[in-house]
Amino acid sequence: MNATASSLPSLRQLQAPIAGMTCGSCVGRVEKALRAVPGVDSVSVNLATESARVAFTDAVSPAEIEQAIRAAGYTLVSEEIALRLQGMNCGSCVGRIEKALKAVPGVLEASVNLATEQARVRVVAGTEVSALIDAVERAGYAAALADSAQADVEPADVAAAGDTHIAASANAAATSPVARETRHLLIAALLTAPLIAPMLALPFGQHWMLPGWLQFALATPVQFWLGARFYRAAWGALRARSGNMDLLVALGTSAGYGLSLYHLLRGDSAALYFETSAAIVTLILLGRWLEARAKRQTTAAIRALQALRPASARVLRDGVEHEVAIAQLRVGDHVVVRPGERIAADGRIVEGRTHADESLITGESLPVARGEGDRVTGGAVNGEGRIVVETLAVGAESALARIIRLVEDAQARKAPIQHLVDRVSAVFVPVVIALAVLTLLGWGLSTGDWNRAILNAVAVLVIACPCALGLATPTAIMAGTGVAARHGILIKDAQALELAHRIERVAFDKTGTLTEGKPVLSESIAIDGDRDALLRAAAALQSGSEHPLAKAVLSAFDGGAVPAATSVRAVPGRGLRGEVEGRSLLLGSTRMLEEAGADLSPLRAQAQALRERGHSLSWLAWQDGAAPRVLGLLAFADTPRPDAKAAIERLHAMGLRTAMISGDHAGAAQAIAAQLGIDDVRADVLPEHKAEAVAEFAREGRVAMVGDGVNDAPALAAADVGIAMGSGTDVAMQAAGITLMRAQLGLIADAIAISRRTTGKIRQNLFWAFGYNIVGIVLAMLGLLDPVVAAAAMAFSSVSVLANTLLLRRWRPA
């Protein structure tokens, strides 16, 4: 379905596909919900096409319509489109493009990132991409779909263009943006050097002033050829009834150039300022060139990950090796990987043994031993052995592709603080122009020296730099998420990165997170003394289970064949019920047996003693009559991870409190907590109540939750920051804001440390950017800044912000 413009001038129209409608009453509910939105003029819901046609005024946003549909219990079907942009150079450009995109019918959300030069647009399913591209072009910029083919184009290369038109692909190789920018900068420098050389020689008593017409000849190509990009971008901004940094530069340099031309035509060669306008253009070109190089370095992590993908693979077919393109690999193929080569895809070794270097994927510095049956990750380097790998995941479903996607998404999204910066940038240019006019009139009217007044106004225009504001946050996010990814810490979104530095408490799931997750059966007590019969019945009930306790029982049982169990069903958070050899049995927690009415007194003393020693307990009972009859007791012990105690100590050293949330009984939980030095314990917590425990901690301060299982997902989502262990389930990783690629608890402190470092850089960058603009504009208004000095300061302000950001690349885990 396409979002189309309304035929009525005062109304907009949206054709919205809706999921979840099943009958006529659904239609009525959706129509009622939409009509209740102020500003909605008419609604027509069609059950057959599962869509709604809504006519509404400009006072209503599509996002409000989506919210109304969701409130009615249905879903507006949407999709996300990524656009690669050209022509942006400051924070005000971000605001203009976002405003243009949000005006397109069907756009629900639009977010533009200056550092990556991308737009992420969430639209009603079926919205035409061409409508989005047209909107960007009407705003004065260029856009293209950021598909896989374009993904290899470097953002910094695009950034260097500064042009508002995308070059034809036929000329791309000959006129790459980087080469063109370098060539233009060198030409500008050669033309400007003779103009500024006399100015530099004056302090030494040398008078090398060039004739006026020669100054004009040198400055004109700099102004109107090499500086044409500023005029094009400024005109685009004016057509969109907005402003950007290019408008400031165009106004400032045109004023200096025009004043010089006026005096030249009047024959007054002593009052020429051609060197000023030419130097401003050249210095800004230099700043853009340095900025592009620095921005390219912030994307180094993504390029390093992308470089891990081999171009081809050797596939065994009928016993013969065939080299095929990586895109032609299919699940189930057998791929031959020779020593020193990169593994082509995620898979399982079916032949051979080796060591795999996964350092660029997981951050693990040492090669890991891999043999037959072990899983390997695409992109890892095969060590000394020839192996044959059966592919299990290819293309977008591979681990490497998912990692790249997560890092790219994190870098493309905005941190919460960036929204404030964008609002400031949106009004920055009009305010600066107003201050320049005020400076012009103030100096001209008070002193009568209009030459001086124009030069001071030019200084105000060129000292102002919204670029530094626009780059301060996104470049720090890019560098922070990139360096974290190189060390095995995947940060899914910028909000998680920004929030993690304010965490006051870290809560852990116990089993599989703080402990090995491989409990062993340490005690088995049978009422009748027949331990083998007890284990035999317990093993039968759990023979089909993947639960860690079930594996421990099956591992401990060595009494021969396990009898078949029937009618087995799980009781969530409690245990199992089923029939074994004609008897109805229950196997589960103390709570389960008490709720069933079983008499636990025969083994209560032993159970209490085992519980106090930190064991987890399971009871086996026979449903003989109204109340179950206890047959025996199983006790399990789980050992903490080797690195758990050191990880907890690091968190305490960082000033953080720690907590543990466990479904185990208090004794087992307290025993582990005492060994590790954990501050707070919540025991006997059912899976569905873990999120409530996290919410309870959150009332006392910001909390991070660390987990690895499916039942941890709600708690991970409820926390301010969810941290999933990479060894855990996909559900947990999806719910978490941060994923640790290695099952090493020390990475938790590292994740918080990189968050603190990145947030510190954001604050430093914003302090520098705001401080620079405030101080610089004030000095220019007071006449204390020469326009050339102002241009140099403006050109290097963004470079200074980026240089500060690039210091993040030196971060290393403790």
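Numbers given to residues run from 1 along each chain, matching the order in which its sequence is written. Totals for whole chains, interfaces and linings use all residues, but because this is a predicted model, local features are given only for residues with pLDDT of at least 70 and pairs of side-chain atoms are given and counted only at 80 or more. Calculated side-chain values reflect all of the structure's heavy atoms, with hydrogen atoms and water omitted.

A. Fine view of the pairing of strand β24 (residues 616-622). Summary of the burial criterion: residues with accessible area below 20% of their type's maximum are buried, those above 50% are exposed, and those between are partly exposed, where the area comes from a 1.4 Å probe applied to protein chains only. The way it works is that DSSP assigns letters per residue, a run of H or I at least four long becomes a helix, a run of E at least two long becomes a strand, and they are numbered from the N terminus. Burial analysis of β24 places six of its seven residues in the buried class, the great majority of the element. The pairing criterion is simple: DSSP has to find at least two bridges between the two strands. As defined by bridge partners, strand β23 (residues 583-588) adjoins β24 across four bridges and the pair is classed as antiparallel. Each residue of the ladder has a partner; that of Leu-586, found in β24, is Ala-621. Pairing between β24 and strand β25 (residues 629-637): seven bridges, direction antiparallel. By the bridge assignment for β25, Leu-617 is matched with Ala-635.

B. Geometry of the pairing of strand β9 (residues 312-317). Examined bridge by bridge, β9 and strand β10 (residues 320-325) share six bridges and lie antiparallel to one another. Paired with Arg-314 across the two strands is Glu-323, which belongs to β10. Hairpin remark: β9 followed by β10, antiparallel, with two residues in the connecting loop; positive phi at Asp-318, about 60°. Alignment of β9 against strand β11 (residues 334-337), held across two bridges, turns out to be antiparallel. Residue Arg-314 lies in a different strand from β11, and its bridge partner there is Val-336.

C. Fine view of the nonpolar core. In this text, buried Ala, Val, Leu, Ile, Met, Phe, Trp, Tyr and Cys residues form a nonpolar core when linked through side-chain atoms within 4.5 Å. In this structure, Leu-83, Leu-101, Ile-738 and Ile-748 are the most contacted members of the largest nonpolar core, which totals 124 residues. Examining the composition of this core, we find that 12 residues originate from one element, helix α28 (residues 746-781), more than from any other.

D. Representation of the sheet that holds strand β30 (residues 738-740). With respect to topology, seven strands assemble into an open sheet ordered β18-β30-β29-β28-β19-β26-β27, the strand pairing being mixed. Whereas interior strands pair on both sides, the edge strands pair on one side only; in this sheet they are β18 (489-491) and β27 (680-682). In this sheet, neighbouring strand axes are inclined to one another by 20° on average, regardless of whether the strands run parallel or antiparallel. Bridge count between strand β19 (residues 505-509) and strand β26 (residues 657-661): five bridges; the pairing is parallel. By the bridge assignment, Asp-509 is partnered in β26 with Ile-661. We call two residues in contact when some of their heavy atoms are within 4.5 Å. To obtain an axis, a line is fitted to C-alpha atoms, over the contacting stretch when the element is a helix, and the angle between two such axes runs from 0 to 180 degrees between their N-to-C directions. The strands touched by α28 within the sheet are β18, β19, β28 (703-707), β29 (721-725) and β30, with β18 carrying the most contacts at an inclination of about 45°.

E. Looking closely at the pattern of salt bridges. Salt bridge, as used here: a side-chain nitrogen of Lys or Arg that lies within 4 Å of a carboxyl oxygen of Asp or Glu. Applying the stated rule across the entire model yields 23 salt bridges. Of the charged contacts in the structure, one is a salt bridge between Glu-321 and Arg-314, with a shortest N-O distance of 3.7 Å. Judged by its relative accessible area of 30%, Glu-321 is partly exposed. Taking relative accessible area as the criterion, Arg-314 reaches 14% and is therefore assigned buried. For Glu-321, the salt bridge is made with Arg-338, and the minimal N-O distance between the two is 3.3 Å. Of this pair, Glu-321 sits in strand β10 while Arg-338 sits in the loop between β11 and β12 (346-351), placing them 17 residues apart in sequence. Judged by its relative accessible area of 39%, Arg-338 falls in the partly exposed class. Taken together, the salt bridges that share partners define one network made up of Arg-314, Glu-321, Arg-338, Glu-341, Glu-351 and Arg-386.

F. Examining α28 more closely. Relative to the 52 Å expected for 36 residues at 1.5 Å per residue, α28 spans 53 Å between its end C-alpha atoms, a close match to the ideal helical length. One or two residues past the end of α28 sits Gly-783, with phi positive at roughly 80°. For a helix, the expected span equals 1.5 Å multiplied by the residue count minus one.

G. Inspection of the environment of Arg-613 at higher detail. On the secondary structure map, Arg-613 appears in the loop between α22 (604-612) and β24. Measuring from C-alpha to C-alpha, the distance between Arg-613 and Gly-667 comes to 6.9 Å, with 54 residues separating the pair along the chain.

H. Region of interest: the packing of aromatic side chains. Pairing of aromatic rings covers Phe, Tyr and the six-membered ring of Trp, with a centre-to-centre limit of 6.5 Å; geometry is then stacked below 30 degrees between planes, edge-to-face above 60, and tilted otherwise. For the coordinates displayed, the defined rule picks out seven aromatic pairs. Judged by centre distance (5.4 Å) and plane angle (70°), the ring pair of Tyr-257 and Phe-274 falls under edge-to-face. One end of the pair, Tyr-257, is in helix α9 (residues 245-265); the other, Phe-274, is in helix α10 (residues 274-298), and 17 residues separate them in sequence. Judged by its relative accessible area of 6%, Tyr-257 is buried. Site record: aromatic cluster; members linked through ring pairs are Trp-213, Phe-216, Phe-224, Tyr-231, Tyr-257 and Phe-274. For Arg-452, the ring lying beneath its charged end belongs to Trp-443, and the centroid distance is 5.9 Å. Whether a charge lies above a ring is judged from NZ of Lys or CZ of Arg, which has to be within 6 Å of the ring centre and within 35 degrees of the ring normal.

These figures capture arrangement, not role.
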